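# Examination of the molecular architecture
So you can see what is in the structure, the chains are spelled out below.
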Amino acid sequence: MEFIIIISLVIGLLVSVLLSIMFKGKDKVDKGFKVIYHQLSYRRKMIRTLLTLPILILALFVFYFYIELSMSTDIFLGVFLFLIFSVQLIYNFYMWKKSEKQS
């Protein structure tokens, strides 16, 4: 089980790095819907991050109530996902304000 989780994380990180490299320096979209996260401006990335909050909460409920993990693993997973969400939200907000000042 842990092996599958590690492989999934590695693949996810590799895809994210590759997409970041592919779309670096290209025009970003600030209006409308784009499927690819890396094509969005920082303002739109922040909005999309906020829209994923209900999905994060739902995922945590599924982990807590339907997947048999130890209490310490449940707490670690919840704190870890909350920290990642918070860092992403703060980073996108900071970069959005920074890009507004440059414009």
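Further up the page is the structure itself.
Going along each chain's sequence as written, the residues are numbered from 1 onward. The predicted origin of the model limits local features to residues at a pLDDT of at least 70 and limits the giving and counting of side-chain atom pairs to 80 or more, whereas totals for whole chains, interfaces and linings rest on all residues. Each side-chain value is worked out from all heavy atoms of the structure, with water and hydrogens disregarded.

## Some remarks on the overall build of the chain
- In this text, helices come from DSSP runs of H or I with a minimum length of four residues, and strands from runs of E with a minimum of two, each type numbered from the N-terminal end. For the chain, the helix and strand inventory stands at 4 helices and 0 strands.
- Overall size of the chain, expressed as C-alpha extent along the three principal axes, is 50 × 25 × 20 Å.
- For every residue, the accessible area (1.4 Å probe, protein chains only) is compared with the maximum for its type, and the residue is labelled buried under 20%, exposed over 50%, or partly exposed between those bounds. Split into buried and exposed, the 103 residues of the chain put 17% on the buried side.
- Contacts: residue pairs with any heavy atoms within 4.5 Å of one another. Counting contacts in the chain only where the partners sit at least 6 residues apart, residues at least 24 apart contribute 35% of the total.
- Charged side chains of the chain number 12 positive and 6 negative; the gap between the two group centres comes to 16 Å. In this tally, Lys and Arg are treated as positive and Asp and Glu as negative; His is ignored, and so are the chain termini. All charge positions are set by atom: Lys at NZ, Arg at CZ, Asp at CG, Glu at CD.

## Points about the packing of helix H3 (residues 53-66) against helix H4 (residues 71-102)
- Between H3 and H4, the least distance of the axes is 10 Å, while the angle of their chain directions is 170°. When the interaxial angle is binned, H3 and H4 end up roughly antiparallel. Of H4, the residues touching H3 (which contributes Leu53, Leu56, Leu60, Phe63 and Tyr64) are Asp74, Ile75, Leu77, Gly78, Leu81 and Phe85. Here an axis means a line fitted to C-alpha atoms, over the contact stretch when the element is a helix, while the angle between two N-to-C directions is reported on a 0 to 180 degree scale. Roughly parallel refers to an angle under 35 degrees, roughly antiparallel to one over 145, roughly perpendicular to one between 65 and 115, and oblique to any angle outside these ranges.

## Here's the deal with the side chain of lysine 45
- One can find lysine 45 in helix H2 (residues 42-51).
- The residues contacting lysine 45, other than those within four sequence positions of it, are Tyr37, His38, Leu40 and Asn92.

## Observations regarding H2
- Taken as a whole, H2 has its buried residues at Lys45, Met46 and Thr49. Buried residues of H2, viewed axially, fall in a sector of 100°; they line one side.
- In this structure, the buried side of H2 is in contact with H3 and H4. Directions are taken from the helix axis to each C-beta atom, and the arc is the one they span.

## What to know about a nonpolar patch on the surface
- Like charges within 9 Å and nonpolar side chains (Val, Leu, Ile, Met, Phe, Trp, Tyr) within 5 Å are joined into patches, using only residues over 30% in relative accessible area that form no salt bridge. What sets the accessible areas is the Shrake-Rupley method with a 1.4 Å probe; for residues, cover comes only from the shown protein chains. Any carboxyl oxygen of Asp or Glu within 4 Å of a side-chain nitrogen of Lys or Arg constitutes a salt bridge here. Together, Leu53, Ile57, Leu58, Phe61, Val62, Tyr64, Phe65 and Tyr66 make up a nonpolar patch on the protein surface, roughly 840 Å² of accessible area in all.
- Inspection of the secondary structure puts phenylalanine 61 in helix H3.
- For phenylalanine 61, a relative accessible area of 46% gives the class partly exposed.

## Comments concerning the packing of aromatic side chains
- Two aromatic rings, drawn from Phe, Tyr or Trp (for Trp, its six-membered ring), form a pair once their centres lie within 6.5 Å of each other, and the interplanar angle then sorts them: stacked below 30 degrees, edge-to-face above 60, tilted otherwise. This model, assessed by the stated rule, comprises 4 aromatic pairs.
- Centre to centre, the rings of phenylalanine 61 and phenylalanine 65 are 5.8 Å apart; their planes meet at 10°, and the pair counts as stacked. Here phenylalanine 61 pairs with phenylalanine 65, and both are found in helix H3, just 4 residues apart, close to one helical turn.
- In this scheme, the term charge over a ring applies when either NZ of a lysine or CZ of an arginine sits within 6 Å of the ring centre and within 35 degrees of the ring normal. The residue whose ring lies beneath lysine 97 is tryptophan 96, and the NZ or CZ to ring-centre distance is 4.3 Å.

No statement about biological role is implied by the geometric values presented.
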